[in-house]
Amino acid sequence: MFVPQSLSQGARFPFTSGSVSKQEERRVVYVGKIRNGMMCEELRRRFEVFGKIEDCNIYFRNEGDNYGFVTFRYTCDAFAAIENGQTLRQPDELPFDLCFGGRRQFCKSNYADL
């Protein structure tokens, strides 16, 4: 995997190019297999060890396949969360599914913001 030199050296530069989305910048981390009852505050607290978080959301489903999204301020922090996020799980929890993405990536094609 190619990592830009500034990221491999730990530099923290926010991406602010006008038309590039947070998902394209690789700042949004999908977190799957979230246990029932977990609150956004807990998810944020666990993942903030990797860097500043701009946004955090959890979605609960009837089938139990709960998931969330954590948006980091810096891309390098999102990379660190994906690479090391498994260390955050509690002994009674399933390992998180972690990858880059946004809600549209995980929904059907007829998804619309309301």
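Model, not experiment: these values are computed from the prediction. (Residues numbered from 1 in each chain as written. Predicted model: local features only at pLDDT ≥ 70, side-chain atom pairs only at ≥ 80, totals over all residues. Heavy atoms only, no water.)

A word on the overall build of the protein chain
Line of reasoning, step 1. A tally of regular secondary structure across the protein chain gives 4 helices and 4 strands.
Line of reasoning, step 2. Its helices and strands taken in sequence order, the protein chain reads α-β-α-β-β-α-β-α from the N to the C terminus.
Line of reasoning, step 3. Counting every position in the protein chain, which comprises 114 residues, the buried fraction comes to 36%.
Line of reasoning, step 4. A fraction of 61% describes how many contacts in the protein chain between residues 6 or more apart in sequence connect residues 24 or more apart.
Line of reasoning, step 5. Carbon and sulfur atoms form 49% of the exposed surface of the protein chain, whose accessible area is close to 7400 Å². (Helix = DSSP H or I, 4+ residues; strand = E, 2+ residues; numbered from the N terminus. Buried < 20%, exposed > 50% of the residue type's maximum accessible area, 1.4 Å probe, protein only. Contact = heavy atoms within 4.5 Å. Areas by Shrake-Rupley, 256 points an atom, 1.4 Å probe, with all protein chains shown as cover.)

Remarks on unusual backbone geometry
Line of reasoning, step 1. Phi at Lys 33 takes a positive value of approximately 65°, unusual for a residue other than glycine.
Line of reasoning, step 2. Tracing the backbone through its elements, the reader meets Lys 33 in strand S1 (residues 28-34).

Points about the nonpolar core
Line of reasoning, step 1. Of all hydrophobic cores here, the largest spans 19 residues; its most connected members are Val 31, Leu 43, Phe 47, Val 70, Phe 72 and Phe 96.
Line of reasoning, step 2. Of all the secondary structure elements, the ones that give two or more residues to this core are S1, helix H2 (40-47), strand S2 (53-59), strand S3 (66-72), helix H3 (75-84) and strand S4 (97-100).
Line of reasoning, step 3. When residues no more than four places from it in sequence are discounted, the contact partners of Phe 96 are Val 31, Gly 32, Lys 33, Ile 34, Met 38, Arg 46, Phe 47, Gly 85, Gln 86, Leu 88 and Arg 89. (Core = buried A, V, L, I, M, F, W, Y, C linked by side-chain atoms within 4.5 Å.)

Brief notes about the environment of Arg 27
Line of reasoning, step 1. Within the secondary structure, Arg 27 sits in the loop between helix H1 (5-8) and S1.
Line of reasoning, step 2. Distance in space between the C-alpha atoms of Arg 27 and Val 70 is 8.2 Å, their sequence separation being 43 residues.
Line of reasoning, step 3. At a separation of 3.0 Å, a polar atom in the side chain of Arg 27 contacts the side chain of Glu 54. (Polar contact = N/O pair within 3.5 Å; in protein donor to acceptor, adjacent residues only side chain to side chain.)

Remarks on the pairing of S4
Line of reasoning, step 1. Of the two faces of S4, the one holding Leu 98 and Phe 100 is buried and the one holding Asp 97 and Cys 99 is not buried anywhere.
Line of reasoning, step 2. Pairing of S1 with S4, which is carried by 4 bridges, proceeds in the antiparallel orientation. By the bridge assignment for S4, Gly 32 is matched with Asp 97. (Pairing = 2+ DSSP bridges.)

Comments concerning the confidence of the model for the protein chain
Line of reasoning, step 1. Taken as a whole, the protein chain shows an average pLDDT of 79; of its residues, 68% reach a score of 70 or greater.
Line of reasoning, step 2. In the model, residues 1-10 has pLDDT below 50 throughout and makes 7 contacts with residues more than four positions away in sequence or in other chains. (pLDDT = per-residue confidence, 0-100.)

Digging into the sheet that holds S1
Line of reasoning, step 1. Strand order in this open sheet of 4 strands is S2-S3-S1-S4, and the pairing throughout is antiparallel. Of all strands in the sheet, those bounded by a partner on one side alone are S2 and S4. Each adjacent strand pair in this sheet contributes to an overall mean axis angle of 15°, direction not counted.
Line of reasoning, step 2. Against the sheet, H2 makes contact with S1, S2, S3 and S4, and its axis sits at roughly 135° relative to S2, the strand it touches most.
Line of reasoning, step 3. Against the sheet, H3 engages S1, S3 and S4, with an angle of about 155° to S4. (Axes fitted to C-alpha atoms, helices over the stretch in contact; angles between N-to-C directions.)

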